[in-house]
Amino acid sequence: MPGQPAGVERSVSRARLPETAAVLEVRRAVRGWLGEYASDTVAVALSGGADSLALTAAAVVEADAVDALVVDHQLQPGSDVVAADAAATALALGCRSARVLAVDVVGDGGMEAAARRVRYAALDEARNGLPVLLGHTLDDQAETVLLGLARGSGGRSIQGMAAWAEPWGRPLLGVRRAVTRQLCADAALTPHEDPHNTSSEFTRVRLRTEVLPLLEDVLGGGVAAALARTAEQLRADGAVLDALAGELLHTAGDGATLSIETLATAPAALRRRAIRAWLLAGGAKALTGKHLHAVDELITDWRGQGGVAVGGGSAGSRLVAAREHGRLTLRRERQARRR
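Residues numbered from 1 in each chain as written. Predicted model: local features only at pLDDT ≥ 70, side-chain atom pairs only at ≥ 80, totals over all residues. Heavy atoms only, no water.

A word on the side chain of Ser-52
Secondary-structure assignment places Ser-52 in helix H2 (residues 50-62). A polar contact is formed between the side chain of Ser-52 and the backbone nitrogen of Ser-47, at a distance of 3.0 Å. Residue contacts for Ser-52: discarding those within four places in its chain leaves Val-44, Ala-45, Leu-46 and Ser-47. (Helix = DSSP H or I, 4+ residues; strand = E, 2+ residues; numbered from the N terminus. Polar contact = N/O pair within 3.5 Å; in protein donor to acceptor, adjacent residues only side chain to side chain. Contact = heavy atoms within 4.5 Å.)

Let's talk about the domain arrangement of the chain
Per the domain assignment, the segments of the chain are domain 1 (21-221) and domain 2 (253-334). The C-alpha centroid of domain 2 is placed 37 Å from the C-alpha centroid of domain 1. (Domains from an automatic or database assignment.)

A closer look at a nonpolar patch on the surface
Together, Leu-214, Val-218 and Leu-219 make up an exposed nonpolar region whose accessible area comes to about 320 Å². Looking at the element boundaries, Val-218 is found in helix H7 (residues 203-219). (Patch = residues over 30% accessible without salt bridge, like charges linked within 9 Å, V, L, I, M, F, W, Y side chains within 5 Å. Areas by Shrake-Rupley, 256 points an atom, 1.4 Å probe, with all protein chains shown as cover. Salt bridge = Lys/Arg side-chain N within 4 Å of Asp/Glu carboxyl O.)

Quick notes on unusual backbone geometry
Put simply, Glu-166 and Pro-167 share a cis peptide bond, and its omega is 5°. For Pro-167, the location among the structural elements is in the loop between strand E6 (164-165) and strand E7 (168-169). The backbone of Gln-74 sits at a positive phi, close to 55°, despite the residue not being glycine. Locating Gln-74 in the fold gives a position in the loop between strand E3 (65-72) and helix H3 (79-93). Taking the relative accessible area as the measure of exposure, Gln-74 reaches 44% and is therefore partly exposed. Even without being glycine, Ala-188 reaches a positive phi, approximately 60°. Classification of Ala-188 by relative accessible area gives exposed; the value is 67%. (Buried < 20%, exposed > 50% of the residue type's maximum accessible area, 1.4 Å probe, protein only.)

Details of helix H5 (residues 138-151)
Over its 14 residues, H5 runs 20 Å from end to end, which matches the ideal 20 Å to within 8%, given 1.5 Å per residue. Listed as buried for H5 are Leu-138, Asp-139, Asp-140, Gln-141, Ala-142, Glu-143, Thr-144, Val-145, Leu-146 and Gly-148. Elements in contact with the buried residues of H5: H2, helix H6 (177-186), H7 and helix H8 (223-252). (Expected span 1.5 Å × (residues − 1).)

What to know about the sheet that holds strand E11 (residues 327-334)
In a beta sheet, neighbouring strands are held together by backbone hydrogen bonds and run either parallel or antiparallel to one another. Spatially, the four strands line up as an open sheet ordered E8-E11-E10-E9, and their pairing is antiparallel. A single partner strand is all that each edge strand has here, and the edge strands are strand E8 (258-259) and strand E9 (308-309). The pairing of E8 with E11 spans two bridges and is classified as antiparallel. Paired with Leu-258 across the bridge in E11 is Leu-328. (Pairing = 2+ DSSP bridges.)

Remarks on the UniProt feature "binding site: ATP" (unreviewed entry) in the chain
UniProt annotation of "binding site: ATP" (unreviewed entry) refers to Ser-47, Gly-48, Gly-49, Ala-50, Asp-51 and Ser-52 when read in the numbering used here. Here Ser-47 shows up in the loop between strand E2 (41-45) and H2. Owing to a relative accessible area of 47%, Ser-47 belongs among the partly exposed residues under this scheme. Aside from chain neighbours lying at most four places away, what touches Ser-47 is Ser-52, Val-82 and Ala-86. There is a polar contact of 3.0 Å between the side chain of Ser-47 and the backbone nitrogen of Gly-49. Locating Ala-50 in the fold gives a position in helix H2. (UniProt positions renumbered as here; feature names shortened; annotations may be inferred.)

Spelled out as structure tokens, the structure:
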């Protein structure tokens, strides 16, 4: 669980930024995001790295008020000093407040996944109802798309990160990482260089340092931008398909079950999206392409097969989708105890 946040608040005196190309590009990106998605007051997740530092500097100029939230994962000696320095920089730039959130990184899925979970939980708890701006750049988006391709679970997995997914905002998805580093240099800001960001034990780091540079070299450049454009186009298409799938669910559903006949006559892309939404609403967890395919076969390739466990069960029970009397049902089934 997140530790109790330490914070500092003082009267705001905003630092002036030079009007260089990098500064103006980041400011335009933040201004555009604020105009489309947010009110005049935001929180910023500040790690002290170049991306979040550039984002904070630009947000202070473009927004009426900015609260900086600095997560200390306590994974390295001296992390408290790094966090305190980041908070001090935020105040020097003109943030209304700066809070250090100390967390304990525990949980399943490896350190990377556990750190992400506790970080987002701490930010969500501390944001005080404000949208939280994150420093993800176009390069991060390209890496996310490649990770989604590796999972192979359909178009949704390569839609990348959204510019706004409440309460998380990402104004810099169209800005290259090199631009944020240049802003820091132009504004005489010294970013913290996290050693985890260069450690080859992390898949994302290898994508960043090995895979993407190789793709850029082999394909003649522009790969990161092309991947980011692909994600943007897929998100736009996905929004339309999700809306149509919602209409299909309304037509096929009776509140708890779905009509097999209605689903069977729908296009596969809509049917599978509708099934996914229905399963998630019913409590399914960690759905995979294998789960969706098996449930879809209950509709399109019925051979008398039994139900499909879809995760989301509890101790002693499992959540199962099944075909019964022309309806698709979702229920909890008691599991036999192992001897």
